[in-house]
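Remarks on the overall topology
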Amino acid sequence: MPGLLTEIDHVAIAVNDLEAAIAYYKDAFGAEVHHREVVEREGVEEALLKVADSYIQLTTATRDDSPVGKFLASRGEGVHHIGYRVDDCAAAIQAVKDAGGRVIDEVPKPGSRGTTVASPQGLVRDPHRTRAGVAPVPWTGPGFVDHHAHLLRVSAGRLPAYCDGSDVEAVRSWHHLLAERWSTPMDEAVEPLEVHDGLRGALERGLNRARAAGIVQITEAGMDDWAYLEALLALRARDELPVRVRLLVASGIADPKQMRSTGDPWLEVEGVKFYADGWLGPHTCAMNHSFTDDPDDAGVLFLDADTLASRCDPYAEGGWTIA
């Protein structure tokens, strides 16, 4: 049985300034706009640059509440989705559902270029003139954007107390130990880092490894020392970073009165990381009911709902992201 995906139709790249992006592709690669359109319903304007039988689709938001507008606000510029041609868009949507994928649009609807659109985690397009369908699906592979990384800590050689996490019993024991002393993994004090060439070099090598793996942005989930930001700011002062960096500050060192946005798309403090319950893998995640294979274990709850809410409130009022 042949596969549903027949060709790559386009790679969609979300940009803040469509005119500047078009000019860049023209100056750098000689690429010309093949089609341009505003899709009011989706709140986007797109420009298609033809590459052989496929396209680079530069897309920008025409309103802040559109999917692309929200994407740009939360993630910055970058790959938004990849579009595949299919013979039957409805069959492709059903295949996504059958495979356990999320579908936003149950049935196709009108899109740009006279196509039809439906959404499994993004846009899907159906027959365009004599072509088979088009099914743009966002990239969900092991690259591009990592929203929960510990790259900075690992690059600096700062392994967690339970080492690399391969010993699940060590993770379980560590979580229970923290709970017994009314602490959480995001509130534990760490040995202060020294900012020097060694740390800056280690972080730069780590970011370069991420870039080599195809990642364009990481979010450090639980930065536990402000020295990381200081070192990254020094690297940023020299040049663009290898990948964009977003920082969620560990709750133990966060202070709503002192936290500041950098305003830099390459390096930004986004919010605070709390740790309410444990890791599900070694049976330390807090559950409403005990684990079926361990009736005496309902997991570890580090912060109850009231405590978590009271700690989150100052950051929420300041407009910070809470994770």
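Computed from a predicted model, the values in this text were never measured in an experiment.

1. Quick look at a nonpolar patch on the surface
Among the surface-exposed residues, V168, W279, L280 and M287 lie close enough to one another that they form a single nonpolar patch of about 350 Å² accessible area. Mapped onto the elements, W279 comes out in the loop between β13 (267-273) and α8 (305-317). You can call W279 partly exposed: its relative accessible area is 39%.

2. Re helix α7 (residues 227-238)
Note on helix geometry: an α-helix contains 3.6 residues per turn, so any two residues three or four positions apart are oriented the same way. Its 12 residues give α7 an end-to-end C-alpha distance of 17 Å, which sits within 8% of 16 Å, the value for a rise of 1.5 Å per residue. Buried within α7 are the following residues: A227, Y228, L229, A231, L232 and L235. Its buried side turned inward, α7 meets α4 (151-155), α6 (197-212), β11 (215-223), β12 (244-250) and β13.

3. A few points about the nonpolar core
With 31 residues, the main nonpolar core has L232, V245 and L247 as its most contacted residues. Secondary-structure elements contributing two or more residues to this core are α4, α6, β11, α7, β12, β13 and α8. Residue contributions to this core peak at 6 residues, all from α7. Membership of the second largest hydrophobic core comes to 11 residues, among which are V15, L18, Y25 and A31.

4. Describing the confidence of the model for the protein
Per-residue confidence for the protein averages 81 on the pLDDT scale, and 82% of its residues sit at or above 70. Every residue in residues 121-143 scores below 50 in pLDDT, and together they form 88 contacts with partners more than four places removed in sequence or on other chains.

5. A short note on unusual backbone geometry
Its identity is not glycine, yet A52 carries a phi of approximately 55 degrees, on the positive side. When you line up the elements, A52 lands in the loop between β3 (44-51) and β4 (54-61). A positive phi angle is found at W182, which is not glycine, with a value near 60 degrees. By secondary structure assignment, the location of W182 is in the loop between α5 (168-180) and α6. What makes W182 exposed here is its relative accessible area of 81%.

Rules used throughout
- Starting afresh in each chain, residues are numbered from 1 along the sequence in its written order.
- Reporting in this predicted model follows two pLDDT cut-offs: at least 70 for local features of residues, and 80 or more for side-chain atom pairs to be given and counted; totals over whole chains, interfaces and linings ignore these cut-offs and use all residues.
- As a rule here, side-chain values cover all heavy atoms of the structure and leave hydrogens and water aside.
- Patches in this entry comprise residues that are over 30% relatively accessible and not in a salt bridge; like charges within 9 Å are linked, as are nonpolar side chains (Val, Leu, Ile, Met, Phe, Trp, Tyr) within 5 Å.
- Methods summary: accessible areas were calculated by the Shrake-Rupley approach with a probe of 1.4 Å, and residue burial reflects only the protein chains presented.
- Salt bridges are identified by distance alone: a Lys or Arg side-chain nitrogen within 4 Å of an Asp or Glu carboxyl oxygen.
- In this description a helix means any DSSP run of H or I spanning at least four residues, a strand means any run of E spanning at least two, and both kinds are numbered starting from the N terminus.
- Only protein chains enter the accessibility calculation, which uses a 1.4 Å probe; a residue whose area is less than 20% of its type maximum is buried, one above 50% is exposed, and one in between is partly exposed.
- Here the expected length of a helix is defined as 1.5 Å per residue gap, with one fewer gap than residues.
- Working rule for contacts: check all heavy atoms of both residues, and any pair within 4.5 Å makes them a contact.
- Within this scheme, the nonpolar core is defined by two criteria: the residues are buried Ala, Val, Leu, Ile, Met, Phe, Trp, Tyr or Cys, and they are joined through side-chain atoms within 4.5 Å.
- Every residue gets a pLDDT, meaning the predictor's confidence in that residue, from 0 to 100.

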